[in-house]
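Okay, here's what each chain looks like letter by letter:
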Amino acid sequence: MNIALVTGSAGLIGSESVAFFSDKFDLVIGIDNNLRQYFFGTDGSTDWNRERLKDQYSNYQHFTADIRKVEELDPIFRQFGADIKLIVHTAAQPSHDWAAREPFTDFSVNANGTLNLLEMNRQHCPEAVFIFTSTNKVYGDNPNFLPLIETDTRWEIDASHPYFENGIDEFMSIDHTKHSLFGASKVAADILVQEYGRYFGMKTGVFRGGCLTGPNHSGAQLHGFLSYLMKCAITGNHYTIFGYKGKQVRDNIHSYDLVNMFWHFYQNPRAGEVYNAGGGRHANCSMLEAITLCEEISGNKMSYSYSETNRIGDHIWYISDLSKFKSHYPDWTWQYDLRQTLEQMHDSMAQRLLVQ
Ligand SMILES: NC(=O)c1ccc[n+]([C@@H]2O[C@H](COP(=O)([O-])OP(=O)(O)OC[C@H]3O[C@@H](n4cnc5c(N)ncnc54)[C@H](O)[C@@H]3O)[C@@H](O)[C@H]2O)c1
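This section reports on the structure supplied with the text. (Residues numbered from 1 in each chain as written. Predicted model: local features only at pLDDT ≥ 70, side-chain atom pairs only at ≥ 80, totals over all residues. Heavy atoms only, no water.)

**Comments concerning the site of the ligand**
Surrounding the ligand, one finds 30 residues, the nearest of these being Ile13, Asp32, Arg36, Asp66 and Lys186. Here a nitrogen atom of the ligand and a side-chain polar atom of Asn33 are 3.1 Å apart. Within the contact set of the ligand, an oxygen atom lies 3.0 Å away from a backbone nitrogen or oxygen of Leu212. A total of 830 Å² of accessible area belongs to the ligand in isolation, and the protein chains cover 97% of it. Contributing elements (two or more residues each) for the shell around the ligand: helix H1 (12–21), helix H2 (35–40), strand S5 (129–135) and strand S9 (211–213). The biggest single contributor to the shell around the ligand is S5, with 3 residues. The residue makeup of the shell around the ligand, split by class, is 12 nonpolar, 13 polar and 5 charged. (Near = heavy atom within 4 Å. Polar contact = N/O pair within 3.5 Å; in protein donor to acceptor, adjacent residues only side chain to side chain. Areas by Shrake-Rupley, 256 points an atom, 1.4 Å probe, with all protein chains shown as cover. Helix = DSSP H or I, 4+ residues; strand = E, 2+ residues; numbered from the N terminus. Nonpolar A, V, L, I, M, F, W, Y, C, P; charged D, E, K, R; others polar.)

Laid out in structure tokens, this is it:
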């Protein structure tokens with residue numbers, strides 16, 4: 001039997017992985033305890049998505065286990081053992097700001113939880129491919145020291161800089177920089193995943209995400225900016241922009257495109273490899289540009305205000321360079337541009353909010 005195991009399966013990337021792999025594997029096992037609701041309140045609950053997966057995918061099996069607890073993981077890995085061929089690890093505490101509220105919780109989920117899963121991988125199914133959703137926050141605020149130029153709607157990098165054409169590559173230093181506690185716990189996990197590849201020769205891959213987005217994000221103020229922005233555009237709720245004149249630039253990748261990267265990696269894995277993963281030059285926007293797009297798509301004028309104080313460690317300009325991944329996996333490319341992603345988010349969210 002071929003099994004894919006997905007942690008954080010009711011979250012944005014986890015649920016996209018379940019959908020993507022359900023017709024490629026005999027069984028898809030999901031692990032998610034809806035800790036996102038504890039982090040972000042009811043806006044962040046992923047209960048609806050877990051129920052949707054159970055209804056839509058007959059070969060999906062859910063476990064409400066906590067990745068911090070080996071005693072809850074071990075029986076699952078023991079039961080399915082070497083039939084597990086792929087592990088997609090997306091469960092996390094995903095917010096900068098939240099991490100500072102409860103550093104123990106943040107670190108135990110992001111760092112210890114990842115170590116637990118790597119050990120389960122090593123002990124029960126060492127041949128399985130292990131994919132980790134890391135983050136561009138591992139580079140800390142190093143990107144903020146690039147030569148940036150202000151335009152009417154965004155910050156942009158100087159055209160003479162080597163990052164101008166394709167964005168930031170994997171060789172930017174992750175050292176000597178302010179990460180936020182979230183960034184630090186993800187660095188710990190990122191390095192562990194690389195190490196299990198390099199030291200033990202296991203098939204581990206690290207994907208350092210830009211902004212990951214898509215219709216199944218449970219957007220909350222502290223995490224999931226495009227999703228939360230579109231939610232505010234639909235509901236008329238107020239949105240606050242934090243710092244950088246609203247001109248901060250993010251690249252955005254649709255969850256499908258990211259999971260498709262995992263699929264390409266799974267079929268031809270490289271031990272301990274690291275890839276930046278985002279919308280790159282293909283799909284990026286500033287906060288102000290995103291607001292304009294959300295207004296156009298929803299047909300509503302947004303209510304928003306500006307607060308001078310930026311989030312600690314927040315990037316001013318970040319665009320991922322995917323050249324390395326594309327050179328290793330030339331058959332992969334993006335299926336969604338930014339407008340398509342936002343339109344899909346709008347339609348599914350409008351429907352979901354109507355039902356509630
Ligand atoms: N969304 C982004 O913009 C973004 C950007 C870069 C990196 N990432 C990373 O990608 C991954 C997936 O992000 P996402 O947006 O899908 O997150 P998400 O919050 O939508 O999903 C994560 C899921 O993990 C679950 N979870 C959290 N702690 C758990 C625990 N201890 N045990 C079991 N389940 C637990 C949550 O309930 C949630 O359903 C995360 O590792 C995140 O750090 C996300």
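**Here's the deal with unusual backbone geometry**
Unusually for a residue other than glycine, His176 sits at a positive phi of about 50°. Its location among the elements puts His176 in the loop between helix H7 (163–166) and helix H8 (180–198). A positive phi angle is found at Tyr244, which is not glycine, with a value near 55°. Residue placement: Tyr244 occurs in the loop between strand S10 (239–242) and strand S11 (249–254). Of the residues examined, Tyr244 reaches a relative accessible area of 16% and is grouped as buried. (Buried < 20%, exposed > 50% of the residue type's maximum accessible area, 1.4 Å probe, protein only.)

**Overview of the side chain of Asp257**
Inspection of the secondary structure puts Asp257 in helix H10 (residues 255–267). At 10 Å, Lys326 is the nearest oppositely charged side chain to Asp257, a buried residue that forms no salt bridge. At a separation of 3.1 Å, a polar atom in the side chain of Asp257 contacts the main-chain amide nitrogen of Tyr336. For Asp257, the contacting residues outside a window of four places in its chain are Trp332, Thr333, Trp334, Gln335 and Tyr336. (Lys, Arg positive; Asp, Glu negative; His and termini not counted. Salt bridge = Lys/Arg side-chain N within 4 Å of Asp/Glu carboxyl O. Contact = heavy atoms within 4.5 Å.)

**Some points on the pattern of salt bridges**
Inspection of every chain in the model, using the stated rule, returns 21 salt bridges. A salt bridge links Asp66 to Arg68; its shortest N-O distance comes to 2.7 Å. Judged by relative accessible area, which is 8%, Asp66 ranks as buried. If you follow the salt bridges from partner to partner, you end up with Asp47, Arg50, Glu51 and Lys54 in one network.

**Comments concerning the sheet that holds strand S8 (residues 203–209)**
Pairing is parallel in the open sheet, where 7 strands are placed in the order S3-S2-S1-S4-S5-S8-S12. Here the strands that pair on one side only, and so sit at the sheet edges, are strand S3 (60–63) and strand S12 (273–277). Going across the sheet, the axis of each strand differs from the next one's by a mean of 20°, ignoring polarity. Taken together, the 4 bridges between strand S4 (residues 84–89) and S5 define a ladder with parallel strand orientation. Bridged to Val88 within S5 is Ile131. The strands that helix H4 (residues 70–80) touches are strand S1 (3–7), strand S2 (27–31), S3 and S4; relative to S2, the one it contacts most, it runs at about 170°. (Pairing = 2+ DSSP bridges. Axes fitted to C-alpha atoms, helices over the stretch in contact; angles between N-to-C directions.)

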